[in-house]
Amino acid sequence: ELPPSHFAAARAAAVAMGYLRYRRGGPGRGLELRALRRARRQDIDDAGHKYYLELELEDVLDKGRTVNCTAEVLYHLGSKSTAPDVQATVQGELRSTEEADKEFYNRIRSLEKELVAENIPDSHGNVPLELEPLHLLAWAASGYVIWQNSTENTKFHLAQVKHVKQAKRSDEDLQFDYVLLLHEMVSQEVVPWEVTVLWHPRRGARVPRDRRQPGHA
Amino acid sequence: ANMKLILIFSALIGASLCLETFVGHQVLRIKTKNEEEVKQLQLLESLEHLQLDFWINPSAPALPVDVRIPAVSVQSVKAFLESQGIEYSILIEDLQDVLDKEQQDMAESAQRQRSSSFDFGAYHTLDEINNELDLLASEHSFVEKIQIGQSYEERPLYVLKFSTGGSNRPAIWLDAGIHSREWVTQASALWIANKIASDYGTDASITSLLDKMDLFLLPVANPDGFVYTHTSNRMWRKTRSKIPGSICVGVDPNRNWDAGFGGPGASNKPCSDSYHGPSANSEVEVKSVVDFIKNHGNFKAFLTLHSYSQLLMYPYGYKCTRPDDYAELESLGRAAASSIRSLYGTTFQVGTICSTIYQASGGSIDWSYDNGIKYSFAFELRDTGRYGFLLPANQIIPAAQETWLGLKRIMEHVRN
């Protein structure tokens, strides 16, 4: 049993949140960790460390309502190149995104020029209203990257969307090429990461391509 | 109307120079009915010994005549008017009352303008912050701006000293912005400085605190980094010192203190954001604070603001063992977190640095604790990652308000 304030529990929770944002987040839903209620850790011989978590979630677009969630995060033994296994079960209903998704989808599809934006939020924490869906989609995209690249010695957060450019496609998906700044809490590094996201109202978010931006340490 | 302004202006100058008051002076409005009455008033006007001051001189029957009458002459002038059947009304019962109120209004308006010209709910540049420090020091006799050193790029390190007297009273240290990208901390420090300065004398807790102790507040502990976050890279954390043999710049100032220096949780790579530097206190920003506190010799608390994560931590970071005062610090930390939560429901986790974030060597509160300053706490302010370093400006004041409650709780304990 771990105190929820212990860093190991917080790091595992961050991995679970990354996974949840990727799977359940999108332009119309941004999941935040409201509270970590409980954490247990199990050391499994020849496998790794498994964390059992009880989380309280909140949709930033549906504040005032929390939803409970149980998650399991397995960090594989000794491996830095294998993503942790995550399972998560949300208890209850999250606010429907159907309308918001449709509105966003149609708005982007009807743009004459490809959308380009940068610095979301800006230095002062501002996010223009019309860019909030792109911000939340970045959260979903960063969720994938965070989930895939976390170890027990890291804790990632999305610090900022440095740049986003839409890429028009012939099929039904929307495509956005992001440069995200990820803040890694343990080393305190802010790491630029190139992430391509495909999104569709029914199919949700997918990350076909991502890479740590080459360059400075 | 011009007459009035001139009068009020000279009255204020006069009052401030203690030359003249207008206590008991009355201003009458006289309504003349005919030429005869106008002539009577012109006669009155000629009597210099009465020292009548006509704001509207008698000229034609249709026009009102306004006159200021010194207190000693009021009764006799009224008696004269009544005996002549000349109608009048009292415009101003006591001129000094009007002037006093006017002066008060002007002072209040000026005060509002001064305080409201600095928007505490917005992010500011270093110059704007330094100007506000000057303003606070000039507005309050117990607030003094002192310079404790200068940064690598030779920017002054300004500390606000809050002291109501005594000689080297037991003191509390509070700093912000040692990591420059943590903008809510410098912003909160300004709000807190203004809060303390404004509420001394009216708030019982602040008053009793400053009557016994001094407070030293360093709102921008890393000015070079701060400027860099404005001009070049919003995500800059470290100092801006050149590192011999490296193309990379800057040292993590919170790994540079002489507490387990160079141990786990700090990097020896200059390009790293947690680079500890070539040696302990190599950073002038750190050395200046160390020297100041050592020379003072009477600090009882060392408090430092960071963001983000909503944590309230005490030593140790460089080792994962509990400090001797664990029980008291844990208890005080919980009480402070409870005070923070009481305002907006914001929850802060409490614990040692090592168990709450990570093992990290060379940190400031470990140094202060090992140097005899028992009440050493590090705050990580809002939020928990939604905006992270880029906290929207509309959260500055709420963050500052709740943080202040936590700080106050700790300071009250120290005072007692």
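Residues numbered from 1 in each chain as written. Chains lettered and ligands numbered in written order. Predicted model: local features only at pLDDT ≥ 70, side-chain atom pairs only at ≥ 80, totals over all residues. Heavy atoms only, no water.

Each helix and strand counted, chain B has 13 helices and twelve strands in total. Relative to its length of 416 residues, chain B is extended, with a C-alpha radius of gyration of 31 Å against a globular reference of 22 Å. Summarising its shape, the C-alpha atoms of chain B cover approximately 100 × 45 × 40 Å along the three principal directions. Within chain B, the proportion of its 416 residues that are buried is 56%. If you take every contact in chain B between residues at least 6 apart in sequence, the share linking residues at least 24 apart comes to 73%. Per element, the accessible surface of chain B, about 17300 Å² overall, is 50% carbon and sulfur. Averaging the positions of the 37 positive and the 49 negative side-chain charges in chain B gives two centres separated by 8 Å. (Helix = DSSP H or I, 4+ residues; strand = E, 2+ residues; numbered from the N terminus. Rg over C-alpha atoms; globule rule 2.2 N^0.38 Å. Buried < 20%, exposed > 50% of the residue type's maximum accessible area, 1.4 Å probe, protein only. Contact = heavy atoms within 4.5 Å. Areas by Shrake-Rupley, 256 points an atom, 1.4 Å probe, with all protein chains shown as cover. Lys, Arg positive; Asp, Glu negative; His and termini not counted. Charge placed at Lys NZ, Arg CZ, Asp CG, Glu CD.)

Bringing the environment of Leu180 of chain A into the picture now. Residues and elements named next belong to chain A. Mapping Leu180 onto the fold places it in strand β7 (residues 174-184). Sequence spacing of Leu180 and Arg40 is 140 residues, and the spatial spacing of their C-alpha atoms is 32 Å. Leu180 has contacts with Ala138, Ser142, Leu158, Gln160, Val161, Lys162, Val191, Pro192, Trp193 and Val195, leaving out every residue within four places of it along the chain.

Here we take up the packing of aromatic side chains. If you walk through the whole model with that rule in mind, you get 27 aromatic pairs over all chains. Ring centres of Trp173 of chain B and Phe292 of chain B lie 6.1 Å apart, and the angle between their planes is 50°; on these two criteria the pair is classed as tilted. Remark: Phe292 of chain B occurs in helix α9 (residues 284-296) and Trp173 of chain B occurs in strand β7 (residues 171-176); sequence separation between them is 119 residues. Accessibility assignment for this pair places Trp173 of chain B and Phe292 of chain B in one class, buried. Three or more aromatic residues link up through ring pairs in this structure, and these residues are Trp173, Phe216, Trp257, Phe292, Phe299, Phe302 and Trp367 of chain B. Positioned above the aromatic ring of Tyr52 of chain A is the side chain of Arg40 of chain A, whose terminal nitrogen or guanidinium carbon lies 4.6 Å from the ring centre. (Phe/Tyr/Trp six-rings, centres within 6.5 Å; stacked < 30°, edge-to-face > 60°. Lys NZ or Arg CZ within 6 Å of the ring centre and 35° of its normal.)

All names here are of chain B. Sequence positions flagged by UniProt for "active site" (unreviewed entry) are, in local numbering, Glu380. Here Glu380 is to be found in strand β12 (residues 375-381). When neighbours within four sequence positions are excluded, Glu380 is seen to be in contact with His306, Ser307, Tyr308, Ser309, Gln310, Leu311, Met313, Phe348 and Ile357. (UniProt positions renumbered as here; feature names shortened; annotations may be inferred.)

A separate point is the state of the cysteines. All names here are of chain B. Under the criterion given, the structure shown has two disulfides over all chains. Note that Cys248 is cross-linked by a disulfide to Cys271, the S-S spacing being 1.9 Å. An S-S torsion of about 90° defines the bridge between Cys248 and Cys271 as right-handed. Here Cys271 lies in the loop between α8 (223-231) and α9 and Cys248 lies in the loop between α8 and α9, a separation of 23 residues in the sequence. For Cys271, a relative accessible area of 25% corresponds to the partly exposed category. (Disulfide = S-S within 2.5 Å.)

The domains assigned to chain B are domain 1 (26-97) and domain 2 (120-415). Taking the mean C-alpha position of each, domain 1 of chain B and domain 2 of chain B sit 67 Å from one another. (Domains from an automatic or database assignment.)

Bringing empty space enclosed by the protein into the picture now. Residue and element names in this part refer to chain B. For the coordinates displayed, the defined rule picks out six cavities of 30 Å³ or more. Computed from the structure, the largest cavity encloses a volume of approximately 220 Å³. Together, 25 residues line the largest cavity, and Asn254, His306, Ile357, Tyr358 and Glu380 are the ones closest to its centre. Mapped onto the lining of the largest cavity, the elements with two or more residues apiece are β9 (299-307), α12 (364-370) and β12. Roughly 70 Å³ of volume is contained in the second largest cavity. Among the elements that make up the lining of the second largest cavity, the one with the highest residue count is helix α6 (residues 183-199) (four residues). (1 Å grid on protein atoms, 1.4 Å probe; cavity = no way out; pocket = protein on both sides within 12 Å on 5 of 7 lines; lining within 4 Å. Points joined across faces, edges and corners; volume = space filled by probe spheres on them.)

A few words now on the sheet that holds strand β5 (residues 143-150) of chain B. All names here are of chain B. Across the sheet, which stays open at both edges, the eight strands sit in the order β5-β6-β8-β7-β9-β12-β10-β11 with mixed pairing between neighbours. Of all strands in the sheet, those bounded by a partner on one side alone are β5 and β11 (349-352). Shown here is a sheet whose adjacent strand axes are inclined to one another by a mean of 20°, direction ignored. Both β9 and β12 contribute to a ladder of seven bridges, which runs parallel. What sits directly across from Leu303, in β12, is Phe377. (Pairing = 2+ DSSP bridges. Axes fitted to C-alpha atoms, helices over the stretch in contact; angles between N-to-C directions.)

This structure, assessed with the given rule, holds 30 salt bridges over all chains. Put simply, Lys63 of chain A and Glu58 of chain A hold a salt bridge, and the shortest N to O gap is 3.7 Å. Between Lys287 of chain B and Asp291 of chain B there is a salt bridge; the shortest N-O distance is 2.8 Å. Separated by four residues within a single helix, Lys287 of chain B and Asp291 of chain B lie in helix α9, roughly one turn from each other. The exposure class assigned to Lys287 of chain B is partly exposed, which follows from its relative accessible area of 35%. Ionic contacts of the salt-bridge type, sharing partners, join the residues Glu182, Arg237, Asp252 and Arg255 of chain B into one network. (Salt bridge = Lys/Arg side-chain N within 4 Å of Asp/Glu carboxyl O.)

This next bit is on the interface of chain B and chain A. Interfaces are frequently sized by the accessible area removed from exposure as the parts join. The interface is formed by 29 residues belonging to chain B together with 30 residues belonging to chain A. Both sides together, the interface formed by chain B and chain A hides about 2400 Å², and carbon and sulfur atoms give 51% of it. Interface area lost by chain B to chain A is led by Tyr358, Arg386 and Leu390 of chain B, which between them contribute 27%. At the surface where chain B touches chain A, the tally comes to one salt bridge. Taken together, the links from chain B to chain A amount to twelve residue pairs in polar contact (both at pLDDT 80 or more). With three residues, the top contributor of residues to the side of chain B that touches chain A is helix α11 (residues 353-356) of chain B. When the residues that make up the side of chain B that touches chain A are grouped by side-chain class, the tally is 15 nonpolar, eight polar and six charged. (Buried area = accessible area lost by both parts, 1.4 Å probe. Polar contact = N/O pair within 3.5 Å; in protein donor to acceptor, adjacent residues only side chain to side chain. Nonpolar A, V, L, I, M, F, W, Y, C, P; charged D, E, K, R; others polar.)

Attention now goes to the sheet that holds strand β6 (residues 156-167) of chain A. Residue and element names in this part refer to chain A. In space, the five strands of this open sheet follow the order β5-β6-β7-β8-β9, with antiparallel pairing throughout. Both edges of this open sheet fall to β5 (116-120) and β9 (204-212), since each of them pairs with a single strand only. Along the sheet, successive strands turn relative to each other by an average axial angle of 25°, direction set aside. For β7 and strand β8 (residues 190-200), the ladder comprises ten bridges, and the chain directions are antiparallel. By the bridge assignment for β8, Leu181 is matched with Pro192. Those strands touched by helix α3 (residues 132-149) are β5, β6, β7, β8 and β9, and its axis lies near 120° from that of β6.

All names here are of chain B. The interhelical angle for the contact between helix α7 (residues 204-212) and helix α13 (residues 396-415), taken along N-to-C directions, is 45°, at an axis separation of 10 Å. Between α7 and α13, the interaxial angle falls into the category oblique. Here the hand of the crossing between α7 and α13 comes out left-handed. On α13, the residues that touch Ser205, Ile206, Ser208, Leu209 and Lys212 of α7 are Trp404, Lys408, Met411, Glu412 and Arg415. Its residues assigned to classes, the contact of α7 with α13 shows four nonpolar, two polar and four charged. (Parallel < 35°, antiparallel > 145°, perpendicular 65-115°, else oblique. Left-handed = near helix turned anticlockwise from the far one by under 90°.)

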